[in-house]
Amino acid sequence: MAGSGQERARHWQYAELPGVDLLRARYVEKIFVRHTHENFVIAAVAEGVEVFHHGGADQYAGPGSLALVNPDTPHTGRAGVPEGWRYGAVYPSPETVAEIAAETTILRGTPGFSSPVLDDPYAAGLVHQVLRAAEEGNALAADTLLRVAVTRLLRLNGGPLPQRAVRTAGGRLAARARGVLDERMAEPPTLERLAADLGTSSFALLRAFRDAYGMPPHTWLTDARVRRARHLLDAGSTPAEAAVAVGFTDQPHLNRHFSRIVGVPPGAYQRERKNVQDAGGRLLVPSDAWHNRQLSQTYATKNTENPTRPSSATPSESGSPSDCPVSPSG
């Protein structure tokens, strides 16, 4: 895991879970600046408290709770207690969540999460089991447990995502400005020049952009640069090459912003993703006993449990067969 002192983080992918990013981390002094994700955020807190600004207010997620953020939703992140927080997270793509929702729920439209925090130790435990299965190379368990977790969360806290329609003059102005910044990412214009080119004033553009995207243009640009840098790193560019390509001054400039948004430096991020299928890497071959134990914990049922409500039990104590998209027998 990357990090120093009390802070550690590993951000990686498992080839058998396409479209899903994975994270294990312990942070104490880490502060995530306002940013967005292309994928959903499903973060299960194991220790401490995470505070994140979302929807105009601070949200608090403690042990057994999940922080749930929909794609392209601005949010921050920081410790809520002196000892920080430890958590595991999965970041499934919108396509992955939509596929699971279509198979296992009655949600209509584009599925998403209704509340940014859900207190559900059982679902939180499922997230940690997904990460462990991925670390041990157990594709069947990782895929099954991910589908069980997403299904449960959608049933407990799901709804159709609101469609962002650009209808107002301000919304159309913000969309045009975003298009310019996206095209000129490496050499963006000043706010004054951008506003003049769009036939408006600087303050009118700033106001319209914040209303449409939840952050000012310069913050959006930094977020977009880091997002594009991630794609370049995944494609094999070095951190130094990616930094220049997206418009950062140099690699240290990329490092600073990348770590404040992704949670790990770009070098560590790239190494983990390169090594994910390395036979000599850290992935282990799971035993049949581990596989059977994990699945038995997932599918164990108590007659008194109500599958439509959050469970206060741990994953090893209870489960709900209605949360599972397939039967235990296949």
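In what follows, the structure referred to is the one given above.
S.K.: When you look at the overall build of the protein in this model, what are you seeing that I'm missing?
M.R.: Secondary structure assignment for the protein yields eleven helices and twelve strands. Restricting the contact set of the protein to residue pairs at least 6 apart, pairs at least 24 apart contribute 72%. As presented, the protein carries roughly 15,400 Å² of accessible surface, and 51% of it is formed by carbon and sulfur atoms.

S.K.: Can you help me understand helix 8 (residues 239-246) in this one?
M.R.: Each full turn of the α-helix corresponds to 3.6 residues, which orients residues three or four apart in the same direction. Buried residues of helix 8: Pro239, Ala242, Ala243 and Val246, and no others. Buried residues of helix 8, viewed axially, fall in a sector of 105°; they line one side. Just past helix 8, the residue Gly247 takes up positive phi, approximately 105°.

S.K.: What should I look at first to understand the pattern of salt bridges in this one?
M.R.: A side chain of one charge can pair with a side chain of the opposite charge if their charged atoms are brought near each other. Scanning the entire structure with this criterion turns up 16 salt bridges. Linking Glu272 and Arg10 is a salt bridge whose minimum nitrogen-to-oxygen distance equals 2.9 Å. With a gap of 262 residues between them, Glu272 in helix 10 (residues 266-274) and Arg10 in strand 1 (residues 8-13) connect regions that are remote in the sequence. Accessibility classification places Glu272 together with Arg10 in one group, the buried group. We note a salt bridge from Glu47 to Arg86, for which the minimum N-O separation is 3.2 Å. In this pair, Glu47 sits in strand 4 (residues 41-48) while Arg86 sits in strand 9 (residues 85-92), placing the two residues 39 residues apart along the sequence. Its relative accessible area of 36% is what places Glu47 among the partly exposed residues. What makes Arg86 partly exposed here is its relative accessible area of 32%. Each member of the salt-bridge network shares a partner with another, and the members are Asp21, Arg230, Asp234 and Arg273.

S.K.: Got a minute to help me understand the sheet that holds strand 9 in this structure?
M.R.: One open sheet accounts for six strands, arranged 1-2-9-4-7-11; its pairing is antiparallel. Each edge of the sheet is formed by a strand with only one pairing partner; in this case those strands are strand 1 and strand 11 (117-119). Across this sheet, the average inter-strand angle for adjacent strands is 15°, counted without regard to direction.

S.K.: Would you mind showing me how to read the nonpolar core here?
M.R.: When a protein is soluble and globular, its nonpolar side chains tend to lie buried together. Counting residues in hydrophobic clusters, the biggest one holds 47 residues, and the most contacted among them are Tyr27 and Tyr87. For this core, the element with the most residues is helix 7 (residues 217-234), which contributes six residues. Ignoring any residue separated from it by four or fewer positions in sequence, one finds Tyr87 in contact with Leu23, Arg24, Ala25, Tyr27, Phe32, Ala43, Ala44, Val45, Ala46 and His128. Counting 35 residues, the second-largest nonpolar core is a separate cluster that includes Trp12, Val97, Leu131 and Leu145.

S.K.: Help me understand helix 6 (residues 202-213) in this model?
M.R.: Helix length check: helix 6 (twelve residues) gives 16 Å between terminal C-alpha atoms against 16 Å at 1.5 Å per residue, within 8%. Taken together, the buried residues of helix 6 touch helix 4 (169-183), helix 5 (191-197) and helix 7. In the segment just after helix 6, Gly214 is the residue with positive phi, at about 75°.

S.K.: Explain the packing of helix 4 against helix 7 to me, please; I cannot follow it from the model alone.
M.R.: Between helix 4 and helix 7, the shortest axis-to-axis distance is 10 Å and the interhelical angle comes to 45°. For the element pair helix 4 / helix 7, the angle class is oblique. In the packing of helix 4 onto helix 7, the handedness of the crossing is right-handed. Residue-level contacts link Arg178, Leu181 and Asp182 of helix 4 to Pro217, Trp220, Leu221 and Arg228 of helix 7. Per-class residue counts for the contact of helix 4 with helix 7 are four nonpolar, no polar and three charged.

S.K.: Please clarify how the pairing of strand 4 should be interpreted in this entry.
M.R.: Look at any regular strand and the pattern is simple: side chains alternate between the two faces of the sheet. In terms of residue burial, strand 4 counts as a mostly covered element, since six of its eight residues are buried. Two strands pair when backbone bridges link them, and strand 4 and strand 7 (residues 65-69) are joined in this way by four bridges, in the antiparallel orientation. Among the inter-strand pairings, Ala44 is bridged to a residue of strand 7, identified as Leu66.

S.K.: What exactly am I supposed to notice about the packing of aromatic side chains here?
M.R.: Applying the stated criterion to the full structure yields eight aromatic pairs. Both rings, one in Tyr27 and one in Phe32, keep their centres 5.4 Å apart while their planes meet at 75°; by these two values the pair is edge-to-face. Overall, the relative accessible area of 2% leaves Tyr27 in the buried class. Ring pairs connect the aromatic residues Tyr27, Phe32, Trp85 and Tyr87, which therefore count as one cluster.

The rules behind these values
Residues numbered from 1 in each chain as written. Predicted model: local features only at pLDDT ≥ 70, side-chain atom pairs only at ≥ 80, totals over all residues. Heavy atoms only, no water. Helix = DSSP H or I, 4+ residues; strand = E, 2+ residues; numbered from the N terminus. Contact = heavy atoms within 4.5 Å. Areas by Shrake-Rupley, 256 points an atom, 1.4 Å probe, with all protein chains shown as cover. Buried < 20%, exposed > 50% of the residue type's maximum accessible area, 1.4 Å probe, protein only. Arc of directions from axis to C-beta. Salt bridge = Lys/Arg side-chain N within 4 Å of Asp/Glu carboxyl O. Pairing = 2+ DSSP bridges. Axes fitted to C-alpha atoms, helices over the stretch in contact; angles between N-to-C directions. Core = buried A, V, L, I, M, F, W, Y, C linked by side-chain atoms within 4.5 Å. Expected span 1.5 Å × (residues − 1). Parallel < 35°, antiparallel > 145°, perpendicular 65-115°, else oblique. Left-handed = near helix turned anticlockwise from the far one by under 90°. Nonpolar A, V, L, I, M, F, W, Y, C, P; charged D, E, K, R; others polar. Phe/Tyr/Trp six-rings, centres within 6.5 Å; stacked < 30°, edge-to-face > 60°.

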